[in-house]
Amino acid sequence: MSWSSLLSLIVNGVVVGSVYSMVALGFVVIYKTTRVINFAQGELLLVGAYVCFALTVNYQLPFWVSFLMTGIFCGILGYIIERVVLRRVVGDPIVSVIMITLGLSIVLRAIVGAVFGVNSQIIPSPIPDGAVMIGGVPVSYQYLFSMAFSLVAMVAFGAFFRWTRLGLAMRATATDQQAAMAMGIDVGRIFAVSWAIACVVSAVGGVLLATISGVNLGVSHFGLKVFPAVILGGLDSVVGAAIGGILIGVIENVADGVFKSILDIDGFRDVAAFALLVVVLMVRPYGLFGQRAIERI
């Protein structure tokens, strides 16, 4: 394998990994606040992509208007999901909540398929055609835009959690719900806002992905592919989600290219992420940046 081929795999992996990081951030937001793993994250991504497609193509709205309206719609959807569905199982065993999110994923996927069909669709991108050379490798403007937007969004969310009152309330709720309630924090409201934020983040990731490779029902599997990035970085770490997503994107691309060219083995892309995950968790069970839980017995 030539150096230019390897560099191309790395660059493309960073681009895909930045979208992974966006979706992983949605996992982290919900888990940090509610201690629930949302297995419907991929379907929320799917909803966002198709809503933006419908507004842009069917209703002929400008892309950025559609993008903004998609974020608002998905934020409201996430808020409603928490209030109507998840609020009813607060206090139930965690397995019950996980099963609810699995059922929600099936319902959302079925609704999207019934409304929009199963054919692949393309969202017209406002980014012009063309590419820039990075180390002798051409990288399209669309790829650069997706990567830059993802990185800016993750920095903004990190600042939000660090320096805003709502972000502080969400961090306090994640640390100790009873103590947060004693301090006057409306924990129920924080739960609903967390789901709204996670849904918006997923919608943004879905739109970015759709402008690159189109959108179909298979996009929902993207949520499962992101899961190794979430575990690798640490379920409760925003920084871990960002770094874990990029690491998984690069490793998938490089491993797939190396195994194809050297060993003539195809399909290693999906295995590489989980193989790395097993190795890392053997050394750091809480992920690279996750907080180690200490319990007194």
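Residues numbered from 1 in each chain as written. Predicted model: local features only at pLDDT ≥ 70, side-chain atom pairs only at ≥ 80, totals over all residues. Heavy atoms only, no water.

Caption draft 1: Quick look at the overall build of the chain. When its secondary structure is counted, the chain shows 11 helices and two strands. Each helix (α) and strand (β) of the chain, taken in turn from the N terminus, gives the series α-α-α-α-β-β-α-α-α-α-α-α-α. A compact globule built from 297 residues would reach a C-alpha radius of gyration of about 19 Å, and the chain, at 19 Å, matches this within 12%. When the backbone C-alpha atoms are referred to their principal axes, the chain occupies close to 60 × 50 × 35 Å. With 297 residues in all, the chain has 49% of them scored as buried. Once local pairs closer than 6 in sequence are excluded, the contacts in the chain between residues at least 24 apart make up 74%. Taken as a whole, the chain presents about 14500 Å² of accessible surface, with 67% of it coming from carbon and sulfur. For the chain, the distance from the average position of its 16 positive side-chain charges to the average position of its 13 negative side-chain charges is 11 Å. (Helix = DSSP H or I, 4+ residues; strand = E, 2+ residues; numbered from the N terminus. Rg over C-alpha atoms; globule rule 2.2 N^0.38 Å. Buried < 20%, exposed > 50% of the residue type's maximum accessible area, 1.4 Å probe, protein only. Contact = heavy atoms within 4.5 Å. Areas by Shrake-Rupley, 256 points an atom, 1.4 Å probe, with all protein chains shown as cover. Lys, Arg positive; Asp, Glu negative; His and termini not counted. Charge placed at Lys NZ, Arg CZ, Asp CG, Glu CD.)

Caption draft 2: Representation of unusual backbone geometry within the structure. Of note in this structure, Q60 is not a glycine but carries a positive phi near 55°. Residue position: Q60 is located in the loop between α2 (41-58) and α3 (63-84).

Caption draft 3: Examining the environment of A24 more closely. Counting through the fold element by element, A24 comes out in helix α1 (residues 3-34). Taking the relative accessible area as the measure of exposure, A24 reaches 0% and is therefore buried. Linking A24 and G244, residues 220 residues apart in sequence, is a C-alpha distance of 8.5 Å. Residues in contact with A24, not counting those within four places in the same chain, are V226, V230 and A241.

Caption draft 4: Quick peek at a nonpolar patch on the surface. A grouping of F39, I94, V95, M99 and L102 is seen on the molecular surface, where their side chains present a nonpolar patch of about 440 Å² in accessible area. Assessed through its relative accessible area of 51%, M99 is described here as exposed. (Patch = residues over 30% accessible without salt bridge, like charges linked within 9 Å, V, L, I, M, F, W, Y side chains within 5 Å. Salt bridge = Lys/Arg side-chain N within 4 Å of Asp/Glu carboxyl O.)

Caption draft 5: Geometry of the pattern of salt bridges. Following the criterion strictly, the structure yields one salt bridge and no others. For R87, the salt bridge is made with E82, and the minimal N-O distance between the two is 2.8 Å. On the basis of relative accessible area, R87 is assigned to the partly exposed category, the value being 26%. Since its relative accessible area comes to 2%, E82 is described here as buried.

Caption draft 6: Inspection of the environment of L276 at higher detail. Residue placement: L276 occurs in helix α11 (residues 269-283). A C-alpha to C-alpha distance of 33 Å links L276 and Q177, two positions 99 residues apart in sequence. Residues contacting L276, with those up to four places away along its chain left out, are L232, I248 and I251.

Caption draft 7: The arrangement of the nonpolar core in detail. One finds I197, F222 and V226 to be the most contacted residues of the largest nonpolar core, which totals 76 residues. Broken down by element, the residue count for this core peaks at 13 residues, all from helix α8 (residues 187-213). Excluding its chain neighbours within four sequence positions, the residues that come into contact with V226 are Y20, V23, A24 and F27. (Core = buried A, V, L, I, M, F, W, Y, C linked by side-chain atoms within 4.5 Å.)

Caption draft 8: Main features of the side chain of N38. Along the chain, N38 turns up in the loop between α1 and α2. Within the local environment of N38, its side chain forms a polar contact with the backbone nitrogen of A40, the two atoms lying 3.0 Å apart. A distance of 2.8 Å separates a polar atom in the side chain of N38 from a polar atom in the side chain of Q41. Other than its neighbours up to four places away in sequence, N38 contacts F27, I30, L44, T101 and W195. (Polar contact = N/O pair within 3.5 Å; in protein donor to acceptor, adjacent residues only side chain to side chain.)

Caption draft 9: Examining the side chain of N253 more closely. Secondary-structure assignment places N253 in helix α10 (residues 238-262). Side-chain polar atoms of N253 contact the backbone oxygen of L9, separated by 3.2 Å. N253 has contacts with L9, N12, G13 and R269, leaving out every residue within four places of it along the chain.

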